[in-house]
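Listed below are the residues making up each chain.
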Amino acid sequence: MTIAYNERSCYCGEVDSARIGQTITLCGWVATRRDHGGMVFIDLRDREGLVQLKFNPETDPPAHETAGRLRSEFCIAVRGQVAARPESMINPRMRTGQIEVNVREIDILSASETPRFLVEDDINTSDELRLEYRFLDLRRPRMQRSLITRHRAVKIIRDYFTDHGFIEIETPFLTKSTPEGARDFLVPSRKQAGSFYALPQSPQLFKQLLMMSGFDKYMQIVRCFRDEDSRKDRQPEFTQLDVEMSFVQMPDVMTVAEGYLVRVWKEILGVTLPTPFPRMPYSQALAEYGIDRPDTRYDLRIKDVGDIARKTDFKVFTGPLDKGGAVRCIRVPGGADISQSEIEKADNSLQNMLKGIGAGGLPYVKIELADGKPTFKTGVAKFFSPEATAELCERVGAEPGDAIFFAADSVDNVCKFLSRLREEIARRRNLIPAGLWNFLWVIDFPLLEHHAEDNRYYAVHHPFTAPMDEDLHLLESDPLKARAKAYDVVVNGVELAGGSIRIHRADVQSTVFKLLSLTQEEAELKFGFLLKALRHGPPPHGGFAMGVDRLVMLLCGLDSLQDTFSFPKTAEGYCPLTLAPSPVDQKQLDELWIRLNLPAKK
RNA sequence: GGGGUCGUAGCUCAAUUGGUCAGAGCGCCGCCCUGUCACGGCGGAGGCUGCGGGUUCGAGUCCCGUCGACCUCGCCA
């Protein structure tokens, strides 16, 4: 008996009551079997879902006999009739739970070894094993949904940008080291002995060149490579939506980006995002949230209380202030019920978490009502005079029953500690409302930042980001005050996209290079081709890049970026499935003029 | 590169202070079972405790090294 599996009627997850009485052909994998000796039930899975197959020994003995040999993940084809389940047998937890398929014929298309883990959602197994058996991992409904959603989001990108007059143009993977900060992946050249290509960290310079080529509106869905350590939200190769436009100012680019996000949230989640997205200056983000990608779904905003702390005799406060640091705090409404254990004693206490990122400790007070007035109790309460107490309560809006947590250190560290604390407290106290999509633009970034280690300026965004026109004069007088024409899309505390208007004037570009301690010669060597193009009638231009992997992570509510990739790598950049990277033949090395110089084994 | 946690059956984990500690659940195999959907019942197989050294009468347990995973800092937009 051979079933024409190429004449499949529909996907398993699509069988519904409308097909009752029809004879259908299905293909899929055995998810579970329930063998009663007589009746056998099989849940058959494909990419669209599950359907229950029924094998009856009285009506179809050969099919029933075959069903007895089925095991998990066997690939089978069946023909049978769709039937309504008896009232009491309906499974409301199953999309196809109203019906079942009475199987008349079955073919085992292929057998399976016993899978190393159950192919179902919410499995508890190691990432490494999942990656080693990725083909099984990807059979899980959640992973199928993730990759299918990814496809849809990318399709919407192409539709949207095509609708808006953009042209998709590919740029090279074998290219020259780009100016972004990350380490390059290198590819040795066989024909140019001793020379190397770099895989692109982004097509940044190529898309600018395409503007100079007159393409006006460019987009590309492109793989980018950065040889840095992985994280939960970072892979060595990842995908960006890359966009660049000519003859535009910031609002034009931002409108285009918003338009896409509105469309994808509408089409995939059915959510209408209000536009324009709110704008928040970088300085405000840092002051109130301590981070340039603020999560505005919950309050817990940071308040500067340096002036009040100055009046105390608390060295933990006054010490950093004397050194030009800051004392800031967040008020946790109702936070007086947080136990001392959770604040400073337990292994996973807030204090230990902060010490883990370099904090000295976690000063705090709890507020009670005493003599009709809010009074500080516990923690560092004793350092506050009644006047300072009143002033602080006024400043942060504290009421009895609240807690206040402080950070006192350099400004950078205070921001780091309190932003992390904000996040942690919000999570622990369930202050993050579900179903909220807080999109916002962070704008008014500084153009440059200064690094003390080597006493020089670095570009906050990249060296081709244009300064605000009204800040141009600051490049000479006070470079750190100059703001950039740069903008980031932040969603619920996740940086989703970022971009800028680029420099299109050769003289401004020279000034910026000078500030970045790049000599004319170095600049020519590193990106002479861009400078050359800038001398041939460059249009004003700007654009943005969006992380497609992060986009899918948000759309699917995943907490790991890995789950948006078909075949991701471990934190060490290793692929347990293919065993890449791996050593190569001596012959291959010889052709590339490469001699290994490995560290001696101890 | 630094710090931390972990590595025991196919999977997830347990095993006082170093001393019958080679265990459980699930999975797997066999038999039984006609309505299950976490099916049920009975029985069974399955382990170089990541790897290599060391301490000890004795090591899953302690020490050193190594490999790998995860978290975290650095790095990374």
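These figures come from a predicted structure and were not determined experimentally.

Draft legend 1. Summary view of the overall build of chain A. Along chain A, the regular secondary structure elements total 18 helices and 22 strands. On the principal axes, the C-alpha backbone points of chain A span a range of 90 × 80 × 60 Å. Taking all contacts inside chain A whose residues are at least 6 apart in sequence as the whole, residues at least 24 apart take part in 66%. Taken as a whole, chain A presents about 30,400 Å² of accessible surface, with 50% of it coming from carbon and sulfur. Counting 78 positive and 85 negative side-chain charges, chain A places the centres of these two groups 2 Å from one another.

Draft legend 2. Structural view of the sheet that holds strand β2 (residues 40-46). Spatially, five strands are ordered β1-β2-β3-β5-β4 in a closed barrel, and the strand pairing comes out mixed. Between one strand axis and the next, the sheet turns through 55° on average, direction left out of account. With seven bridges joining them, β2 and strand β3 (residues 49-55) adopt antiparallel strand pairing. By the bridge assignment for β3, Asp46 is matched with Gly49.

Draft legend 3. Summary view of the side chain of Thr171. By the element assignment, Thr171 lies in the loop between β6 (167-168) and β7 (186-188). Since its relative accessible area comes to 13%, Thr171 is described here as buried. At 3.1 Å, the side chain of Thr171 and the side chain of Gln220 are in polar contact. Residues in contact with Thr171, not counting those within four places in the same chain, are Pro203, Phe206, Leu210 and Gln220.

Draft legend 4. Quick look at the pairing of strand β19 (residues 456-459). Pairing analysis gives four bridges linking strand β18 (residues 448-451) to β19, with the strands arranged antiparallel. Note on β19: the bridge partner recorded for Glu449 is Tyr458. Hairpin connection of β18 to β19: four residues between the antiparallel strands, including Asn455 at a positive phi of 50°.

Draft legend 5. Just the domain arrangement of chain A, in detail. Taken as a whole, chain A is organised into domain 1 (5-110) and domain 2 (298-428). The gap between the C-alpha centroids of domain 1 and domain 2 is 61 Å.

Draft legend 6. Quick peek at the protein's contact with RNA strand B. Inspection of the region around RNA strand B gives 45 residues, with Asp35, Lys54, Glu58, Met89 and Arg93 positioned closest. For RNA strand B, the fraction of protein-proximal atoms (within 4 Å) that sit in sugar or phosphate groups is 56%. A distance of 3.1 Å is found between a sugar or linking oxygen of RNA strand B and a side-chain nitrogen or oxygen belonging to Thr125. One of the side-chain N or O atoms of Arg231 is found 3.0 Å from a base oxygen in RNA strand B. When residues of the surface near RNA strand B are traced back to their parent elements, those giving at least two are β1 (23-35), β3, α2 (127-132) and α13 (411-428). Considered class by class, the residues forming the surface near RNA strand B number ten nonpolar, twelve polar and 23 charged.

Draft legend 7. Summary view of the environment of Val584. The residue Val584 is located in the loop between α17 (548-556) and α18 (586-591) in this model. Taking the relative accessible area as the measure of exposure, Val584 reaches 43% and is therefore partly exposed. In the structure, Val584 is positioned 202 residues away from Lys382 in sequence and 67 Å away in space, judged by C-alpha atoms.

Draft legend 8. Structural view of the sheet that holds strand β9 (residues 217-225). Strand order in the open sheet formed by eight strands is β6-β9-β10-β22-β21-β20-β17-β11, and the pairing between neighbours is mixed. At either end of the open sheet lies a strand with only one pairing partner, and these are β6 and β11 (279-281). As paired elements, β6 and β9 share two bridges and run parallel to each other. Counterpart to Glu168 in the pairing with β9 is Met219. Its contacts with the sheet put helix α4 (residues 141-163) on β6, β9, β10 (237-246) and β22 (541-547), and the angle it makes with β9 is roughly 150°.

Draft legend 9. Layout of the pattern of salt bridges. Enumeration according to the criterion identifies 47 salt bridges in this entry. Note that Glu73 is salt-bridged to Arg139, the shortest N-O span being 2.8 Å. Residue Glu73 is located in the loop between α1 (61-67) and β4 (75-84), and its partner Arg139 is located in the loop between α3 (134-137) and α4; the two are separated by 66 residues in the primary sequence. One salt bridge in this structure joins Asp137 and Arg130, with 3.0 Å as the shortest N-O distance. Using a relative accessible area of 12% as the deciding quantity, one classes Arg130 as buried.

Draft legend 10. View of the pairing of β4. Taken across its ten residues, β4 has seven buried, putting it largely inside the fold. With seven bridges connecting them, β1 and β4 associate as antiparallel partners. Residue pairing across strands places Gly28 opposite Ile76, the latter belonging to β4. Where β4 lies against strand β5 (residues 99-110), ten bridges are found, and the strand directions are antiparallel. Paired with Val82 across the bridge in β5 is Val101.

Draft legend 11. Focus on helix α5 (residues 204-212). In terms of burial, α5 is largely enclosed, as eight of its nine residues are buried. Taken together, the buried positions of α5 are Gln204, Leu205, Lys207, Gln208, Leu209, Leu210, Met211 and Met212. Elements in contact with the buried residues of α5: β9, β10, α16 (520-534) and β22. Just downstream of α5 lies Gly214, where phi reads positive at about 90°.

Conventions we followed
Residues numbered from 1 in each chain as written. Chains lettered and ligands numbered in written order. Predicted model: local features only at pLDDT ≥ 70, side-chain atom pairs only at ≥ 80, totals over all residues. Heavy atoms only, no water. Helix = DSSP H or I, 4+ residues; strand = E, 2+ residues; numbered from the N terminus. Contact = heavy atoms within 4.5 Å. Areas by Shrake-Rupley, 256 points an atom, 1.4 Å probe, with all protein chains shown as cover. Lys, Arg positive; Asp, Glu negative; His and termini not counted. Charge placed at Lys NZ, Arg CZ, Asp CG, Glu CD. Pairing = 2+ DSSP bridges. Axes fitted to C-alpha atoms, helices over the stretch in contact; angles between N-to-C directions. Buried < 20%, exposed > 50% of the residue type's maximum accessible area, 1.4 Å probe, protein only. Polar contact = N/O pair within 3.5 Å; in protein donor to acceptor, adjacent residues only side chain to side chain. Domains from an automatic or database assignment. Near = heavy atom within 4 Å. Nonpolar A, V, L, I, M, F, W, Y, C, P; charged D, E, K, R; others polar. Salt bridge = Lys/Arg side-chain N within 4 Å of Asp/Glu carboxyl O.

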